[in-house]
Amino acid sequence: MLNEILDMPNGARLSTIEGLRQAFLDFESRIRLEGDRREEHYPHLVGIAIEGGFLRGREGGPFLLHLNPNLNCIIGGRGAGKSALLEAIRYAFDIPAKTEANRQQADELLRNTLGAGARVTVFYEVEDGTLYRIERLWGHPPRVFDARTDEEKPGLHPGHLVPGGPVEVYGQKEVYEISKDPEFQLRLLDGYVAEALRPIRERERDLIRRLEANAQEILRLEREIEEITERLQSLPAIREELERLERQEAIARLERKKQLDQERAMLEEADRSVAELIADIETFTATHGIPPDLLGERARSGLPHADLLARQRALLDQVEALFRQTMDELPARLSALWAEGQADRVAWRKVYEQVEEAYQTLLREVPDASARRYIELQRQRNALEQLAQEAERRQEQVSQRKAERQQMLEALRHLRREEAFRARREKAQELDALLGERITVDVMLEGHREAYVHRLRQAFTGSRITGSVIEKIARATAADGTYWDPIHLVAAIRREREDPPEDESVLAQVYGVSAAHRRRLSALPDEVLYNLETYRVPDLPIIKLRVGEQDRPLADLSVGQKCTAILSLILVERKTPLVIDQPEDDLDNRFVFDEIVQTLRREKERRQFIIATHNANIPVSGDAELIVVLDADEAHGWVACLGSIDDPALREPVENILEGGREAFRIRKEKYGI
């Protein structure tokens, strides 16, 4: 299949006199002086094959398409399969759509154009020349192979072939959706710094895992302390009752019996341990030893070093003999050694029997209930005092874990506020310079406060914290204008539990929270606070478009202006292939020609573009290396023809299919005098 795809034309030019003439007419796009020529290596899609489904080969076989590493334009009438082709690429790489609405639209399109039994195969070459084959059967996860050796790469997801993702895909209206959602804009910005952010995010994930484990351990320890504390409530009453009983002289004499009972238990355990050791030795001796056939005469017969093996067997026999002798003698020697203490144990037994006799006499003198109660209370007191010590140890552990948590939270804050934000800010400044005066790009530290408001609403559910208070908390700022983060808020809530005076309450002085709401916040469960303080408030990209004499933010722009700003950002600098469906939607022709076309002409030498379009300016004025014309009937779609814009056979479908087709050729003719 790879060879079939590679054998297909991919729009290579200068193969005709017309192509050579066009090269000189459009020299900015096609001609480079020797000193200006750069060998660019970047990831790109080599080709795609689809078996089954709507798209087919012209003769009914699989759909095969060899792509150009530069600008590819997919054109065709409505329903010809342009969007189906682009969504098949996204499906092969298992890349989700940007929003739920886009996801539903893409899923429906794929069900109608692929469906059961269909297979999508994409050939993808990375920067170092490694060629992969990505296969995905409908309803199954994708599989990755080395395309040249056919070796499968188990566990390798195609989304991880290149840092930041192997391909960017934007379906219809997805650019508009991004223009409305700051989180999508942040992901777009992060795509430019994926390599720098990857180790930062790995450390962030590790810190959050450790913080989650830390929270669970603290909660567990505090639950255990609470349970112990509840049990310890009976300790003062037990001590008081013991004191009353001990004032009876007879009861006090019971302590001697208790101590001897402890000694008896210890001696019985020692005697039992020796007996068990001897039994274990006898069992071990019976089940271990040198196998008699190891290096035996039959086993070594005919081997080149049979004499050496025979000498080794003789040594094994000695080992076995020594083992047997030693192990057979050991139980008797251990018994004899333990018997040396028998006289002391017999003497102790006589003392115990005397005490036992006195104890029985005492029980007859003292009311039975009092004696037994005294012994039981002593047992309870000792157990509870041990629990009290255990509670102290657990409290020390809690203090230690909380100190560790504070250090981890500071490290997390540093990662987010210093390292990750710095990487984003520097890239935003680079993009700002690259995009020129019409579009400006910046980023605000943790500026997406709407997301924070939403997260606080979730955290405070059922706590009777009003929306206005949540808004006030989310938008509170420090003296330098930076927003307070959730770590600071949680610390303020915990401080409130100590019931500070109002002038020392952080919730009151910094967040402006009333006394009633401060009480409600301080009553939030620890589980809620632990989850909240690791929440990352997203940074906020600030993208503005020059309109007249003003730089206006996205929120103040029309639909077309929003898409203009986002599309300009999407088109620049990245090396991974860009697959985009009808980028001209919601844009005027002037912007398409002045911005999109000029960016494509500049960037296509170092990035692959695959664009489905109805606008002739993109393939014609963009000087597409490959134009793929799709056609379809009610049942199937296919490639009607393909080639570069120089091919006269493509002029008619371009003029007939694309909006402004003749106009694009007219502009090209006027510009180049053709």
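Residues numbered from 1 in each chain as written. Predicted model: local features only at pLDDT ≥ 70, side-chain atom pairs only at ≥ 80, totals over all residues. Heavy atoms only, no water.

Let's talk about the overall build of the protein chain
- Helix and strand content of the protein chain: 26 helices and 14 strands.
- Here the protein chain, with 674 residues, has 46% of them falling under the buried criterion. (Helix = DSSP H or I, 4+ residues; strand = E, 2+ residues; numbered from the N terminus. Buried < 20%, exposed > 50% of the residue type's maximum accessible area, 1.4 Å probe, protein only.)

Some details on the layout of surface pockets
- One number sums up the size of the largest pocket: a volume of about 1,100 Å³.
- Around the largest pocket, the lining comprises 34 residues; the ones closest to its centre are Gly164, Gly165, Arg187, Gly191 and Arg201.
- In terms of residue count, the dominant contributor to the lining of the largest pocket is helix α7 (residues 182–192) (7 residues).
- Tallied by class, the residues present in the lining of the largest pocket amount to 16 nonpolar, 6 polar and 12 charged. (1 Å grid on protein atoms, 1.4 Å probe; cavity = no way out; pocket = protein on both sides within 12 Å on 5 of 7 lines; lining within 4 Å. Points joined across faces, edges and corners; volume = space filled by probe spheres on them. Nonpolar A, V, L, I, M, F, W, Y, C, P; charged D, E, K, R; others polar.)

Structural notes on the sheet that holds strand β2 (residues 63–66)
- Here 5 strands make up an open sheet; going across it, the order is β2-β1-β4-β5-β6 and the pairing antiparallel. The outermost strands of the open sheet, each flanked by one partner alone, are β2 and β6 (143–146). The mean angle between the axes of side-by-side strands here comes to 15°, regardless of whether they run parallel or antiparallel.
- Pairing between strand β4 (residues 119–125) and strand β5 (residues 131–137): 7 bridges, direction antiparallel. Counted as the bridge partner of Val122 is Ile134 from β5. (Pairing = 2+ DSSP bridges. Axes fitted to C-alpha atoms, helices over the stretch in contact; angles between N-to-C directions.)

Observations regarding the side chain of Glu584
- Topologically, Glu584 is positioned in the loop between β11 (578–581) and α23 (589–603).
- Within the local environment of Glu584, its side chain forms a polar contact with the side chain of Thr613, the two groups lying 3.0 Å apart.
- Polar contacts involving the side chain of Glu584 include one to the main-chain amide nitrogen of His614, which spans 2.8 Å.
- Ignoring sequence-local partners within four residues, the contact set of Glu584 consists of Val592, Ala612, Thr613, His614, Asn615 and Ile618. (Polar contact = N/O pair within 3.5 Å; in protein donor to acceptor, adjacent residues only side chain to side chain. Contact = heavy atoms within 4.5 Å.)

Observations regarding the pattern of salt bridges
- Inspection of every chain in the model, using the stated rule, returns 55 salt bridges.
- Arg119 is paired through a salt bridge with Glu135; the nearest N and O atoms lie 3.4 Å apart. Taken together, the positions of Arg119 in strand β4 and Glu135 in strand β5 put the pair 16 residues apart, joining distant regions of the chain.
- In this structure, Glu135 engages Arg133 in a salt bridge whose closest nitrogen and oxygen atoms are separated by 2.8 Å. Accessibility classification places Glu135 together with Arg133 in one group, the buried group.
- Each of Glu217, Arg220, Glu224, Glu390, Arg393, Arg394, Arg401 and Glu404 takes part in salt bridges that share partners, so that together they form one network. (Salt bridge = Lys/Arg side-chain N within 4 Å of Asp/Glu carboxyl O.)

Topic: the confidence of the model for the protein chain
- Overall, the predicted model of the protein chain reaches an average pLDDT of 86, with 89% of residues at or above 70.
- Here residues 17–34 scores under 50 on pLDDT; set against residues more than four positions off or in separate chains, the count is 33 contacts. (pLDDT = per-residue confidence, 0-100.)

Some thoughts on the packing of aromatic side chains
- Taken as a whole and judged by the stated rule, the model has 5 aromatic pairs.
- Plain terms: the ring middles of Phe284 and Phe323 are 6.2 Å apart, the flat faces sit at 65° to each other, and that makes the pair edge-to-face. Here Phe323 lies in helix α13 (residues 306–339) and Phe284 lies in helix α11 (residues 254–287), a separation of 39 residues in the sequence.
- Ring centres 5.3 Å apart and planes at 20° place the aromatic pair Trp348 and Tyr352 in the stacked group. In this pair, Trp348 and Tyr352 both sit in helix α14 (residues 342–365), 4 residues apart, roughly one turn of the helix. Pair check on accessibility: Trp348 and Tyr352 agree, each one buried.
- Positioned above the aromatic ring of Tyr170, the side-chain terminus of Lys98 is 4.3 Å from the ring centre.
- Here the guanidinium or amino end of Arg133 rests over the ring plane of Phe145, the centre of that ring lying 4.3 Å away. (Phe/Tyr/Trp six-rings, centres within 6.5 Å; stacked < 30°, edge-to-face > 60°. Lys NZ or Arg CZ within 6 Å of the ring centre and 35° of its normal.)

Some words on empty space enclosed by the protein
- By the definition in use, this model includes 4 cavities of 30 Å³ or more.
- Empty space within the largest cavity amounts to approximately 70 Å³.
- With 3 residues, helix α6 (residues 174–180) is the largest single contributor of residues to the lining of the largest cavity.
- Residue classes in the lining of the largest cavity are distributed as 4 nonpolar, 3 polar and 5 charged.
- Put simply, the second largest cavity is a space of about 50 Å³.
- Forming the walls of the second largest cavity are Arg413, Arg416, Arg417, Glu446, Asp485, Pro486, Ile487, Glu533, Tyr535, Arg536 and Val537.
- At the level of secondary structure, the elements contributing two or more residues to the lining of the second largest cavity comprise α15 (368–435) and α18 (486–496).
- Of the residues contributing to the lining of the second largest cavity, the split by class is 4 nonpolar, no polar and 7 charged.

Observations regarding helix α21 (residues 526–533)
- Within α21, burial applies to Asp526, Leu529, Tyr530, Leu532 and Glu533. Looking straight down α21, one finds that the buried residues subtend no more than 165° of arc, so they occupy a single side. (Arc of directions from axis to C-beta.)

Considering the sheet that holds strand β13 (residues 626–632)
- Strand order in this open sheet of 6 strands is β7-β11-β12-β3-β13-β14, and the pairing throughout is mixed. Either end of the sheet is taken by a strand with one partner, and the two such strands are β7 (168–170) and β14 (637–643). On average, each strand axis in the sheet is inclined to that of its neighbour by 15°, with strand direction left out of account.
- Strand direction decides the pairing type here: strand β3 (residues 71–76) and strand β12 (residues 609–612), joined by 4 bridges, are parallel.

Let's talk about α13
- For α13, built from 34 residues, the straight-helix expectation of 50 Å at 1.5 Å per residue is met to within 8% by its first-to-last C-alpha distance of 50 Å.
- The sharpest bend along α13 comes to roughly 30°, located at Leu330, with the proline Pro331 sitting one to four residues further on. (Expected span 1.5 Å × (residues − 1). Bend = angle between axes of the 7 residues up to and from the residue.)

Considering the environment of Ala383
- Relative to the assigned elements, Ala383 resides in helix α15.
- Given a relative accessible area of 35%, Ala383 falls into the partly exposed group.
- Residues Ala383 and Leu235, spaced 148 residues apart in sequence, show a C-alpha to C-alpha distance of 9.8 Å.

Some remarks on the side chain of Lys427
- Considering the arrangement of structural elements, one finds Lys427 in helix α15.
- Residue Lys427 is classed as buried on the basis of its relative accessible area, which comes to 10%.
- For Lys427, the residues in contact, after removing those within four places along its chain, are Leu189, Tyr192, Val193 and Glu573.

A look at the packing of helix α8 (residues 194–232) against α21
- Viewed as axis vectors pointing N to C, α8 and α21 meet at an angle of 165°, and their least axial separation amounts to 11 Å. As far as their axial angle goes, α21 and α8 are roughly antiparallel. Remark: the crossing between α8 and α21 carries right-handed chirality. Of the residues in α21, those in contact with Ala215, Ile218, Leu219 and Glu222 of α8 are Asp526, Glu527 and Tyr530.
- Of the residues assigned to the contact of α8 with α21, the class counts are 4 nonpolar, no polar and 3 charged. (Parallel < 35°, antiparallel > 145°, perpendicular 65-115°, else oblique. Left-handed = near helix turned anticlockwise from the far one by under 90°.)

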